[in-house]
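Inside the fold
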Amino acid sequence: MSWRYPFVLSLLALPVALLVMLQLKLPRREKNTEKFQLGSYVKNIFKSIQNRNVLLLFFAVITLFMVEFGAFYTFTPVFAGSNLGATSAVIGMVLTTNALSLTIFSFFVTLVASKVSEIRLIQISFVIFAIALCIIPTVNSIAMLVIPCVLIGIVEALAFPSLQSSIAKLAPQQYRSGFMSLNVTIQAIGRAIGPVFAAIIFGVGGIEGVCYIGAAVIMFSILLFSVLIGSKSRKV
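Reference entry: report on the structure contained in this document. (Residues numbered from 1 in each chain as written. Predicted model: local features only at pLDDT ≥ 70, side-chain atom pairs only at ≥ 80, totals over all residues. Heavy atoms only, no water.)

The next point concerns the overall build of the protein chain. On a plain count of helices and strands, the protein chain comes out with eight helices and zero strands. Start at the N end of the protein chain and walk to the C end: the helices and strands fall as α-α-α-α-α-α-α-α. Its C-alpha atoms give the protein chain principal-axis dimensions of roughly 65 × 50 × 35 Å. Across the 236 residues of the protein chain, 37% fall into the buried class. For the protein chain, contacts bridging at least 24 residues in sequence account for 83% of all contacts bridging at least 6. Accessible area of the protein chain: about 14,300 Å², with a carbon and sulfur share of 69%. (Helix = DSSP H or I, 4+ residues; strand = E, 2+ residues; numbered from the N terminus. Buried < 20%, exposed > 50% of the residue type's maximum accessible area, 1.4 Å probe, protein only. Contact = heavy atoms within 4.5 Å. Areas by Shrake-Rupley, 256 points an atom, 1.4 Å probe, with all protein chains shown as cover.)

What follows covers the side chain of Ser125. Residue position: Ser125 is located in helix α6 (residues 118-135). A relative accessible area of 0% places Ser125 in the buried class. Residues contacting Ser125, with those up to four places away along its chain left out, are Val155, Leu158 and Ala159.

Its 18 residues give α6 an end-to-end C-alpha distance of 26 Å, which sits within 8% of 26 Å, the value for a rise of 1.5 Å per residue. Within α6 the residues assigned to the buried category are Glu118, Ile119, Leu121, Ile122, Gln123, Ser125, Phe126, Ile128, Phe129, Ala130, Ala132 and Leu133. (Expected span 1.5 Å × (residues − 1).)

This part takes up the packing of helix α2 (residues 38-48) against helix α8 (residues 176-228). The N-to-C vectors of α2 and α8 enclose an angle of 70°; their axes lie 10 Å apart at closest approach. Compared by their axis directions, α2 and α8 come out roughly perpendicular. On α8, the residues that touch Tyr41, Ile45 and Ser48 of α2 are Ser177, Gly178 and Phe179. Looking at side-chain class alone, the contact of α2 with α8 contains three nonpolar, three polar and no charged residues. (Axes fitted to C-alpha atoms, helices over the stretch in contact; angles between N-to-C directions. Parallel < 35°, antiparallel > 145°, perpendicular 65-115°, else oblique. Nonpolar A, V, L, I, M, F, W, Y, C, P; charged D, E, K, R; others polar.)

Moving on, we come to the nonpolar core. Residues Ile122, Phe129, Leu133, Ile136, Leu163, Phe179 and Phe225 are the most contacted members of the largest nonpolar core, which totals 58 residues. Those elements giving two or more residues to this core turn out to be α2, α3 (52-72), α4 (75-82), α5 (88-113), α6, α7 (146-170) and α8. Ranked by the residues each element gives to this core, the list is headed by α8, at 12 residues. What Leu133 contacts, discounting residues up to four positions off in sequence, is Val67, Ala71, Cys211, Gly214, Ala215 and Ile218. (Core = buried A, V, L, I, M, F, W, Y, C linked by side-chain atoms within 4.5 Å.)

Moving on to the environment of Ile49. Inspection of the secondary structure assignment puts Ile49 in the loop between α2 and α3. Here Ile49 falls in the buried class, since its relative accessible area comes to 10%. Here the alpha-carbon distance between Ile49 and Asn183, two residues 134 residues apart in the chain, equals 11 Å. Apart from residues lying up to four places away in sequence, Ile49 is in contact with Val54, Leu55, Phe58, Phe179 and Leu182.

Counted according to the given criterion, the structure contains one salt bridge. For Glu118, the salt bridge is made with Lys169, and the minimal N-O distance between the two is 2.8 Å. Taken together, the positions of Glu118 in helix α6 and Lys169 in helix α7 put the pair 51 residues apart, joining distant regions of the chain. Classification of Glu118 as buried rests on a relative accessible area of 19%. (Salt bridge = Lys/Arg side-chain N within 4 Å of Asp/Glu carboxyl O.)

In structure tokens, the structure reads:
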């Protein structure tokens, strides 16, 4: 089958969009009689994010997405195909274990979060991520590649909601939507620049360079994050 066919799956968004448009009912909010001033709103958002803990959380977000989309999602399939001789179908099935792991462990996040702080979950997830990246270059069979894929699924299940929740808690109520939009923008920047940096490293050091440098970046970022994050963001 042609490589073009997977893109046909995007057409599934059309019936979903139609269903949302026709069936999704949201409670109506009272209209704000005050005139909305975009310039003032944006200015106040940037004033609000000039907080060490907020900036550290955004730093963690961009680091996570940069390394994840650079080292894992971009070059793990390349490694599986060129070094392990896997077909595109097999690579797809192996990467599916990442999504399955994320789905399964997401159910347990609520139970864990009631006993462990979001900051600690972020720290744990980054350490697991570094370990998973170090495993990838040592893999000598496609079956063994499932292990780092599952581990990174656990990372996503722990890190994503913890980062989102921590940012939301620090956002002023009137600017929370702006904070969340900025968070999505930072994620997109990480997705965009991660593969570029990873490609440069891959050209010099191969998959070993991509994964080991990615693991080093993750460990450096979480050490910096842990040292500088304010005590008010920690849960005793």
